[in-house]
Amino acid sequence: MNCKETRKNIEAFVNDSLSVKELEEFLEHLDNCEKCREEYDMCYTVFMGMKILEDVEKYGNTRLDSEMKIESAKDYLFKYKIIRFQKILLYVLICLVGGFLFF
Ligand SMILES: [Zn+2]
C-alpha cells in the first residue's frame, strides 16, 4: 500500500471498515511511514472529535488516543491470525482422525 492509498484508507480504518488484508497493509505502512502516521494522528483526532460532537453521551468517555486505536487493531489482527491458524489445525486434525478411523 502506498502513501496515497494509505491516506485514502484512514477514514475506513477509523470506522473499522477495512478488510483484514487492507488492515494489515495499512498498519504496516503506518509503522514505516512517518508522514502518513502524522496524517493519521491528525485525522483520527478530527474523526473522533466529530463523533464526540455527534453523540456526547455515548462517546463522552472516549479518549482521543490514536495510538490506542492502532494497538487494538494490531491486537485484532493478531487474534484473527491465531483463529485462522486454529481453524486450519482443526481441519488437519479432523482429516487425520478421519483417516485414522477409516483405515
Ligand atoms: Zn506513507
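Our subject is the structure listed above.
Residues numbered from 1 in each chain as written. Predicted model: local features only at pLDDT ≥ 70, side-chain atom pairs only at ≥ 80, totals over all residues.

### As for the overall build of the protein chain
The helix and strand tally for the protein chain stands at five helices and zero strands. Secondary structure elements in the protein chain, listed N-terminal to C-terminal, are α-α-α-α-α. In the protein chain, which comprises 103 residues, the proportion classed as buried is 10%. Sequence-distant contacts, at least 24 apart, represent 58% of the contacts inside the protein chain between residues at least 6 apart. (Helix = DSSP H or I, 4+ residues; strand = E, 2+ residues; numbered from the N terminus. Buried ≥ 20, exposed ≤ 12 C-beta atoms within 10 Å, placed from the backbone. Contact = placed C-beta atoms within 7 Å.)

### Digging into helix H2 (residues 20-32)
In this model, H2 (13 residues) spans 19 Å end to end at C-alpha, consistent with the 18 Å of a helix rising 1.5 Å per residue. Taken together, the buried positions of H2 are Leu23, Phe26 and Leu30. In an axial view of H2, the angular spread of the buried residues amounts to 65°, which keeps them on one side of the axis. The exposed set on the far side of H2, more than 90 degrees from its buried face, consists of Lys21, Glu28, Asp31 and Asn32. (Expected span 1.5 Å × (residues − 1). Arc of directions from axis to C-beta.)

### Observations regarding the nonpolar core
By size, the foremost hydrophobic cluster in this structure holds eight residues: Ile10, Phe13, Leu23, Phe26, Leu30, Cys36, Tyr40 and Tyr44. Breaking this core down by element, the ones donating at least two residues are helix H1 (3-14), H2 and helix H3 (34-54). The contacts of leucine 30, once residues within four sequence positions are left out, are Cys36, Arg37, Tyr40 and Ile70. (Core = buried A, V, L, I, M, F, W, Y, C linked by C-beta atoms within 7 Å.)

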